[in-house]
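Secondary and tertiary structure notes
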Amino acid sequence: MIVFDLKCSGDHVFEAWFKSSNAFEEQRAQGLIACPFCGDASVGKAVMAPAVGAKGNQVAEKSPVSPDAFKAALAALAQIQAKQLETSQWVGDAFAEKARAMHQGDTPEAPIHGQATLAEAKALVDEGVPVAPLLVPVVPPEARN
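Sequence order as written defines the numbering, with residues in each chain counted from 1. At least 70 in pLDDT is required for a residue's local features to be given in this predicted model, at least 80 for side-chain atom pairs to be given and counted, and no such filter applies to totals for whole chains, interfaces and linings, which use all residues. By convention in this description, side-chain values take in all heavy atoms of the structure and omit both hydrogens and water.

**Here's the deal with the confidence of the model for the chain**
Any region with low pLDDT has predicted coordinates that should not be read closely. Looking at any residue, its pLDDT shows the predictor's confidence there, from 0 to 100. When pLDDT is averaged across the chain, the result is 84; 88% of the residues are at 70 or more. Each helix is a run of DSSP H or I of at least 4 residues and each strand a run of E of at least 2, with the numbering of both proceeding from the N terminus. For the chain, the element scoring lowest by mean pLDDT is helix α2 (residues 67–85), at 84; helix α3 (residues 95–103) scores highest, at 95.

**Describing the packing of aromatic side chains**
Centre distance within 6.5 Å is the pairing criterion for rings of Phe, Tyr and Trp, where only the six-membered ring of Trp is used; planes under 30 degrees apart are then read as stacked, over 60 as edge-to-face, and the remainder as tilted. In the structure shown here, the tally under the stated rule is three aromatic pairs. Aromatic side chains phenylalanine 4 and phenylalanine 18 sit 6.0 Å apart centroid to centroid with 40 degrees between the ring planes, which places their arrangement in the tilted category. Of this pair, phenylalanine 4 sits in strand β1 (residues 2–8) while phenylalanine 18 sits in strand β2 (residues 13–18), and the two are 14 residues apart along the sequence. The rule is simple: take the accessible area with a 1.4 Å probe, protein chains only, and divide by the maximum for that residue type; under 20% is buried, over 50% is exposed, in between is partly exposed. With a relative accessible area of 8%, phenylalanine 4 lands in the buried category. Ring geometry for phenylalanine 18 and phenylalanine 24: centres 5.2 Å apart, planes at 75 degrees, overall edge-to-face. No difference in accessibility class separates phenylalanine 18 from phenylalanine 24, as the two residues are buried. Site record: aromatic cluster; members linked through ring pairs are Phe4, Phe18 and Phe24. To sit over a ring, a charge needs its Lys NZ or Arg CZ within 6 Å of the ring centre and within 35 degrees of the ring normal. In this structure, lysine 45 packs its charged tip against the face of phenylalanine 4, placed 4.2 Å from the ring centre.

**Points about the pattern of salt bridges**
Salt bridges are identified by distance alone: a Lys or Arg side-chain nitrogen within 4 Å of an Asp or Glu carboxyl oxygen. For the coordinates displayed, the defined rule picks out five salt bridges. Here aspartate 126 makes a salt bridge to lysine 19, at a shortest N to O gap of 4.0 Å. Of this pair, aspartate 126 sits in helix α4 (residues 118–126) while lysine 19 sits in the loop between β2 and α1 (21–29), and the two are 107 residues apart along the sequence. Aspartate 126 sits in the partly exposed class, given a relative accessible area of 36%.

**Let's talk about the nonpolar core**
The criterion is simple. A nonpolar core is a set of buried Ala, Val, Leu, Ile, Met, Phe, Trp, Tyr and Cys residues joined through side-chain atoms within 4.5 Å. Counting residues in hydrophobic clusters, the biggest one holds 10 residues: Phe4, Leu6, Cys8, Phe14, Ala16, Phe18, Phe24, Ile33, Cys35 and Val43. Contributing elements (two or more residues each) for this core: β1 and β2. In what follows, residue pairs with any heavy atoms lying within 4.5 Å of each other are defined as contacts. In this view, phenylalanine 4 contacts Phe14, Glu15, Ala16, Phe18, Ser20, Ser21, Phe24, Lys45 and Met48; residues no more than four positions away in its chain are not counted. In this structure, Phe95, Ala96, Met102 and Ile112 belong to the second largest nonpolar core, which totals eight residues.

Structure, rendered in structure tokens:
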């Protein structure tokens, strides 16, 4: 996977991941890439600064986020995720199959969540299926007390 900074004709800069540089070009040629801010499909690569590591003898800076603030943010995200899952259907290990079927228009779109292997998740991303990992692990309904 490779990350590119992209820029639309409206000067919005955003980041996107692709399997390769060729995958980016193919998706752009097919009109599959659009600015998340304005929807503009006229998107190209933006100038990127190289990621250069610090010298080995330098002391790393401390994180500007305190552990308590990090825990609070994670708890807030978990609450948001739990609220979203209330209206989402658990599909278990059929997640990749069902997400792909919705993306291809074979079944109506609906909010779903479930399990997928790393290979299945990568394949969905490569196919352009909109998926996102859950931030907090979900216990399958059949495994709950």
